[in-house]
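Listed here are the chains, written in short residue letters.
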Amino acid sequence: TEYENSEQKPLAKLINLLIIANHQTLKRKRKIKMDVKNYDDEKFKKYVLANIALEQKLYQRRLDNINRHDDNRKIRLYFQSTRTKYIIGKYLVAAAMDVNQLYNCSQISQIIKVSRTAVFAIVKECVEAGWAEEVFINKVKYVRATKPHVYAYQDYAWAVLITRNEFVTDYCAAQKLMNNV
């Protein structure tokens, strides 16, 4: 696939640049103290429009990803069907990828501010489907994603990173063209 052929070093550099840029933007926002007057600022308008364009591109990538027929399709459809399932899926994957991030249903419920009943029901569906597993540590039941769920999420994460990379490249090229006009 296109993800396997891409080099990780340039991608890591891009991620670091985005993190640094985001940090610098936050520092500037603190100085600016965004209020109604600043919404008329041309640079802020360009930022908002660029953000909308990125979200549109990410949305299209998600649609393309959902409509792709492969082994991960059911998992993608399930976790992208509602925002609650989407965020619970992220917590399950995080728990599977990092032992220090294990969660039980009550913790997830408190963090995302959703009823425990809803979280338990979603996790139960995931366990029955084979996308999550229960792990007992010191008599406490934690939940985490299974390998198929982790692989499906990693596939999705690569698609998002590639989309962001394409967008940044397109946006930089457009900026250069606009500056040369």
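Residues numbered from 1 in each chain as written. Predicted model: local features only at pLDDT ≥ 70, side-chain atom pairs only at ≥ 80, totals over all residues. Heavy atoms only, no water.

Our focus in this paragraph is the packing of aromatic side chains. Counted by the stated rule, this structure contains 4 aromatic pairs. Taken together, a centroid distance of 5.0 Å and an interplanar angle of 85 degrees make the contact between Tyr 78 and Phe 79 edge-to-face. Judged by relative accessible area, Phe 79 falls into the buried class, the value being 6%. Consider the rings of Tyr 91 and Tyr 103, whose centres lie 5.0 Å apart with planes at 85 degrees: the pair is edge-to-face. Of this pair, Tyr 91 sits in helix α5 (residues 83-97) while Tyr 103 sits in the loop between α5 and α6 (105-112), and the two are 12 residues apart along the sequence. Of the two residues, Tyr 91 and Tyr 103, neither departs from the other in class, the shared state being buried. In textbook terms, an aromatic cluster arises when at least three aromatic residues are bridged by ring pairs, as seen for Tyr 78, Phe 79 and Trp 131. (Phe/Tyr/Trp six-rings, centres within 6.5 Å; stacked < 30°, edge-to-face > 60°. Buried < 20%, exposed > 50% of the residue type's maximum accessible area, 1.4 Å probe, protein only. Helix = DSSP H or I, 4+ residues; strand = E, 2+ residues; numbered from the N terminus.)

Looking now at unusual backbone geometry. Positive phi values are uncommon outside glycine, yet Asn 138 reaches one of about 50 degrees. Among the secondary structure elements, Asn 138 is positioned in the loop between β1 (132-137) and β2 (140-145). Even without glycine at this site, Lys 139 takes up a positive phi of about 65 degrees. Of note, Lys 139 is situated in the loop between β1 and β2.

Packing of α6 against helix α7 (residues 116-129) brings their axes to within 9 Å, and their N-to-C directions diverge by 125 degrees. Accordingly, the angle class assigned to the pair α6 and α7 is oblique. In the crossing of α6 with α7, the sense of the turn from one axis to the other is right-handed. Residues Cys 105, Ser 106, Ile 108, Ser 109 and Ile 112 of α6 pack against Arg 116, Val 119, Phe 120 and Val 123 of α7. Broken down by class, the residue content of the contact of α6 with α7 amounts to 6 nonpolar, 2 polar and 1 charged. (Axes fitted to C-alpha atoms, helices over the stretch in contact; angles between N-to-C directions. Parallel < 35°, antiparallel > 145°, perpendicular 65-115°, else oblique. Left-handed = near helix turned anticlockwise from the far one by under 90°. Contact = heavy atoms within 4.5 Å. Nonpolar A, V, L, I, M, F, W, Y, C, P; charged D, E, K, R; others polar.)

Considering all chains together, one arrives at 2 salt bridges under this definition. Arg 144 is the salt-bridge partner of Glu 133, the closest N and O atoms lying 2.7 Å from each other. Within this pair, whereas Glu 133 is found in strand β1, its partner Arg 144 is found in strand β2, the two being separated by 11 residues in sequence. Close ionic contact of Lys 141 with Glu 134 constitutes a salt bridge, the shortest N to O distance being 3.5 Å. Since its relative accessible area comes to 37%, Lys 141 is described here as partly exposed. (Salt bridge = Lys/Arg side-chain N within 4 Å of Asp/Glu carboxyl O.)

A few words now on the confidence of the model for the chain. On average, residues of the chain carry a pLDDT of 75, and 67% of them reach 70 or more. Of all secondary-structure elements in the chain, the lowest mean pLDDT belongs to helix α1 (residues 2-5), at 37, while α7 reaches the highest, 95. Predicted confidence for residues 1-8 stays below pLDDT 50, and this span has 10 contacts to residues more than four positions away or in other chains. (pLDDT = per-residue confidence, 0-100.)

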